Every structure is written in structure tokens, then in C-alpha cells.
Amino acid sequence: MNKQKVIRFLGILLMVFGVTFLDYDQPSFSENAKAYIALILGAVIVLIISFNSYKK
């Protein structure tokens with residue numbers, strides 16, 4: 001498998017875990033820091049890998 005596909009898949013998994021761990025009753029950052037960090041990090045990874053693959 002291509003290395004970029006694996007990294008993109010891990011980014012998608014981070015976003016899925018972020019959505020799963022998000023507490024919708026209390027959406028503040030202090031209560032859901034790990035979930036928001038996972039969402040942001042996953043989105044950044046997917047965007048960077050996607051941009052690099054389209055650039056080629």
C-alpha cells in the first residue's frame with residue numbers, strides 16, 4: 001500500500017475518534033480537548049496529504 005494512503009487513513013481515523021469522543025451535551029473546549037485536538041489534527045493530515053497528492 002502507498003505510504004500516503006496509510007497516512008490519509010490514519011488522519012480519517014483520528015477524525016472519526018474525535019467525533020466519537022466528542023461530548024455534545026457540553027461542547028466546550030475544556031471538556032472535550034482530546035476530541036477537538038483529534039479532529040483538528042486529522043483534518044490537517046488529510047488536507048496536507050490530499051494537497052500533496054493533487055500537486056503531483
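Note that the coordinates shown come from a computational prediction; the quantities given were computed from them, not determined experimentally.

J.: Can you explain the packing of aromatic side chains? Please cite residues and give values.
T.: According to the stated counting rule, one finds two aromatic pairs in the structure shown. When the ring of Phe17 is compared with that of Phe21, the centres are 6.3 Å apart and the planes differ by 20°; the resulting orientation is stacked. Highlighted residues: Phe17 and Phe21, both in helix α1 (residues 3–21), separated by four residues, approximately one helical turn. By relative accessible area, which is 45% here, Phe17 ends up partly exposed. Between the aromatic rings of Phe29 and Tyr36, the centroid separation amounts to 5.8 Å while the plane-to-plane angle is 15°, which identifies the pairing as stacked. When its relative accessible area of 22% is taken as the criterion, Tyr36 is described as partly exposed.

J.: Account for helix α2 (residues 33–55), naming residues and giving values.
T.: Given a rise of 1.5 Å per residue, 23 residues ought to cover 33 Å, and the 33 Å separating the end C-alpha atoms of α2 matches this to within 8%. Looking only at α2, the buried set comprises Ala35, Ala38, Gly42, Val46, Ile49 and Ser50. Buried residues along α2 sit against α1.

About the criteria used
- Residues numbered from 1 in each chain as written.
- Predicted model: local features only at pLDDT ≥ 70, side-chain atom pairs only at ≥ 80, totals over all residues.
- Heavy atoms only, no water.
- Phe/Tyr/Trp six-rings, centres within 6.5 Å; stacked < 30°, edge-to-face > 60°.
- Helix = DSSP H or I, 4+ residues; strand = E, 2+ residues; numbered from the N terminus.
- Buried < 20%, exposed > 50% of the residue type's maximum accessible area, 1.4 Å probe, protein only.
- Expected span 1.5 Å × (residues − 1).
- Contact = heavy atoms within 4.5 Å.

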